[in-house]
Amino acid sequence: MATENLVYERPEAFTEMPTHYCPGCTHGVAHRLVAEVLEEMGVVNKTIGVAPVGCAVFAYNYFDTDFVEAPHGRAPAMATGIKRVLPDRVVFTYQGDGDLASIGMGEIVHAAARGENITVIFINNANYGMTGGQMAPTTLPGMKTTSSPNGRDVETQGYPIKMSEMLSTLEGTGYCVRRSLHDPKNIRLAKKAIRTAFETQVRGLGFAMVELLSTCPTNWGMTPVNSLKFVEEHMIPAFPLGDYKISDAIKQIKI
Amino acid sequence: MAVKGWIEVSDTYCKGCELCISACPQGVMELDMARLTPKGYHPAHTFKEGCTGCAICAIVCPDAAITVFRETTKAVPVPA
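Residues numbered from 1 in each chain as written. Chains lettered and ligands numbered in written order. Predicted model: local features only at pLDDT ≥ 70, side-chain atom pairs only at ≥ 80, totals over all residues. Heavy atoms only, no water.

*Asks:* How should I be thinking about the overall build of chain B in this particular structure?
*Replies:* Counting its regular elements, chain B contains 2 helices and 4 strands. Sequence-ordered secondary structure for chain B, helices as α and strands as β, is β-α-β-β-α-β. The buried share of chain B, reckoned over its 80 residues, is 45%. By sequence separation, contacts in chain B at least 24 residues apart represent 57% of the contacts at least 6 residues apart. Surface accessibility of chain B: about 4400 Å² in total, with carbon and sulfur atoms responsible for 58%. (Helix = DSSP H or I, 4+ residues; strand = E, 2+ residues; numbered from the N terminus. Buried < 20%, exposed > 50% of the residue type's maximum accessible area, 1.4 Å probe, protein only. Contact = heavy atoms within 4.5 Å. Areas by Shrake-Rupley, 256 points an atom, 1.4 Å probe, with all protein chains shown as cover.)

*Asks:* Even after reading the chapter, I still don't get the environment of I236 of chain A, so can you show me in this structure?
*Replies:* Residues and elements named next belong to chain A. Mapped onto the secondary structure, I236 falls in helix 9 (residues 224–238). Sequence separation of I236 and S180 is 56 residues, and the distance between their C-alpha atoms is 8.0 Å. For I236, the residues in contact, after removing those within four places along its chain, are S180, H182, L213, V231 and L241.

*Asks:* Explanation requested: helix 7 (residues 184–202) of chain A in the structure shown.
*Replies:* For an α-helix the count is 3.6 residues per turn, leaving residues at separations of three or four pointing the same way. With 19 residues, helix 7 of chain A extends 27 Å from end C-alpha to end C-alpha; this agrees with the ideal 27 Å at 1.5 Å per step. Just beyond helix 7 of chain A, the residue with positive phi is G204 of chain A, at close to 70 degrees. (Expected span 1.5 Å × (residues − 1).)

*Asks:* I tried to follow the nonpolar core on my own but got confused; where do I start?
*Replies:* Burial of nonpolar side chains together is a common tendency in soluble globular proteins. Residues and elements named next belong to chain A. In this structure, I121, I194, F198 and L212 are the most contacted members of the largest nonpolar core, which totals 47 residues. Counting residues per element, this core draws most heavily on helix 1 (residues 27–41), at 8 residues. Residues within four places of I121 in sequence aside, it is in contact with V34, F92, T93, Y94, Q95, I194, F198, V210 and L212. Counting residues in each nonpolar core, the second largest holds 21 residues, with A75, V91, A101 and V120 among its members. (Core = buried A, V, L, I, M, F, W, Y, C linked by side-chain atoms within 4.5 Å.)

*Asks:* What am I meant to see in the interface of chain B and chain A here?
*Replies:* Note on interface size: it is often stated as the accessible area lost on association of the parts. At the junction of the two partners, chain B supplies 29 residues and chain A supplies 30 residues. Around 2300 Å² of area is buried between chain B and chain A when both sides are counted, 64% of it from carbon and sulfur atoms. The tally of links between chain B and chain A comes to 0 salt bridges. For the side of chain B that touches chain A, the secondary-structure elements that each account for two or more residues are strand 1 (5–9), helix 1 (19–23), helix 2 (56–60) and strand 4 (66–70) of chain B. With 5 residues, the top contributor of residues to the side of chain B that touches chain A is strand 4 of chain B. Among the residues forming the side of chain B that touches chain A, the class breakdown is 16 nonpolar, 5 polar and 8 charged. (Buried area = accessible area lost by both parts, 1.4 Å probe. Salt bridge = Lys/Arg side-chain N within 4 Å of Asp/Glu carboxyl O. Nonpolar A, V, L, I, M, F, W, Y, C, P; charged D, E, K, R; others polar.)

*Asks:* I would appreciate a short explanation of helix 2 (residues 75–85) of chain A in the present structure.
*Replies:* Those residues of helix 2 of chain A lying buried are A75, P76, A79, T80, I82 and K83 of chain A. Looking at the packing, one finds that the buried side of helix 2 of chain A touches strand 2 (47–51), strand 3 (66–69), strand 4 (90–96), helix 4 (105–113) and helix 7 of chain A.

*Asks:* Would you explain the packing of aromatic side chains in this entry?
*Replies:* All names here are of chain A. Evaluated as defined, the whole model comprises 9 aromatic pairs over all chains. Consider the rings of F58 and Y60, whose centres lie 6.2 Å apart with planes at 80 degrees: the pair is edge-to-face. For Y60, a relative accessible area of 34% corresponds to the partly exposed category. Pairing F63 with F67 gives two aromatic rings, centres 5.6 Å apart and planes at 15 degrees, and the pair type is stacked. Given a relative accessible area of 2%, F63 falls into the buried group. Taken together, F14, F63, F67, F92 and F198 form an aromatic cluster joined through their ring pairs. (Phe/Tyr/Trp six-rings, centres within 6.5 Å; stacked < 30°, edge-to-face > 60°.)

*Asks:* What am I meant to see in the side chain of T215 of chain A here?
*Replies:* Mapped onto the secondary structure, T215 of chain A falls in the loop between strand 9 (207–213) and helix 8 (217–220). Setting aside chain neighbours within four positions, we find T215 of chain A in contact with G24, C25, T26, N125, W220, S227, L228 and V231 of chain A.

*Asks:* Help me out: how do you make sense of the sheet that holds strand 2 of chain A in this one?
*Replies:* Strands belonging to one sheet form pairs held by backbone hydrogen bonds; the direction of such a pair is parallel or antiparallel. Residues and elements named next belong to chain A. Reading across the sheet, the 7 strands line up as 3-2-4-5-9-8-10 and stay open at both edges, with mixed pairing between neighbours. The open sheet has two free edges, formed respectively by strand 3 and strand 10 (242–246), since each of these has just one partner strand. Each neighbouring strand pair of the sheet contributes to a mean axis angle of 15 degrees, computed without reference to strand direction. Bridge count for strand 8 (residues 173–180) against strand 9 is 7 bridges, and the pairing is parallel. The residue of strand 9 that forms the bridge with R178 is E211. Along the sheet, helix 1 contacts strand 2, strand 4, strand 5 (119–124) and strand 9; its crossing angle with strand 4, the most-contacted strand, is approximately 170 degrees. (Pairing = 2+ DSSP bridges. Axes fitted to C-alpha atoms, helices over the stretch in contact; angles between N-to-C directions.)

*Asks:* Looking at this structure, I do not really get the sheet that holds strand 1 of chain B. What am I missing?
*Replies:* Read from one edge of the open sheet, 3 strands run 1(A)-4(B)-1(B), paired in antiparallel fashion. Bordering the open sheet on either side are strand 1 (6–8) of chain A together with strand 1 of chain B, each of which pairs with just one other strand. Within this sheet the neighbouring strands show an average axis-to-axis angle of 30 degrees, counted without direction. Here strand 1 of chain B pairs with strand 4 of chain B via 5 bridges, running antiparallel.

*Asks:* I'm lost on unusual backbone geometry in this one. Help?
*Replies:* Keep in mind that most residues, glycine aside, have a negative phi and that most peptide bonds are trans. All names here are of chain B. Despite not being glycine, E18 has its phi angle at roughly 75 degrees, a positive value. Looking at the element boundaries, E18 is found in the loop between strand 1 and helix 1. What makes E18 partly exposed here is its relative accessible area of 38%.

Okay, structure coming up:
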C-alpha cells in the first residue's frame, strides 16, 4: 500500500505480541498512547519502563523498549534507582490503582515528595482487575465488587482515595493531571497529557503523573461499550477530570 | 465529493470488542459474523461504502488492530 495513503498504523514502539487484556479493556489504549508518544519524541531506544503487579504485569512483552518488573507497588522506588543511576534515560512506571494507591501508596507519595524526575502513568479502573475484581482504594461508594458484594459501604470501608488531588499538594510534584479514556476527544487529551508528562521528565522539571480513568468490562460485568458509559456517568463525577498541578516551568512547554 | 478512505483490521490483534463500531461517525462498521479470527473472535470490518479515513476507529481501538488509509487528492499543477 502506498505510504502517501497511510493515515494511521500500529506504533513501531510496540512489539508484534498481541496483548493479553480482555476485549475492550482501555489498558490497550493507554499502552498505545505511551508508545505513540515515545515514538514521536524519538526516545524509544533510551526508554526504560517499570511494569507493576496487576493486569499490566506483562507490559514488558508489548513495548519495544527496555523494561523491568517491580514487586507489588514498588515501581516508583525501582524507577528512582534507575533514573538516579542512568539520568540520561527516560524512565516511566505504568501502574494500576491496586498497585499504586493501595500496596504502593508509600512509594508513590515519597517519590513525589522527593521530586523524583520520573513519569508515572496511573490507570484507575476502580477495582483489582487481575485478581478477580476485588474492592480497591478507588472503588466508588456503593459499587459492587467481589469483596464488597453489597456495594462499598463508606461507613466501614471508607471513601475512594483521590490520588491526583493528594499528590498535587506535594512540593516535588511538577505535573499532575487526571484524564479519561472513554471517548475519542478525551483519548486525544490524554495523549497530550502523557506527552507533557514525558517532556517534564526530559527537561528535568520534577515528578509527573497522569491519572487515566479506565474500564474493566470483565469485572464490572458490562460490555465494553457500556463500561465506557459507566466511566462517563459514574466515575467522572467521583474523580473529576482536570489539571491538579502544573508548575510554571511546565506551562511554558510548547508541544 | 466526500473523501474516500479505507481500513484494514488485523486478524492477529482484533478481539471484536465493538468499541470502533460505536465510535465510527459514519456508522459503516460491524462485526463480520461470517468469519472467525485464529483466536476465535468475530473481527470488525466495514460493511458498506462511506469510510472517510478519519481514523477515529484507530484512536479508540485498544489493540492497535486498525490501519487507516485515505485517498490522496493530487493537486493538479496549475500552468503558469
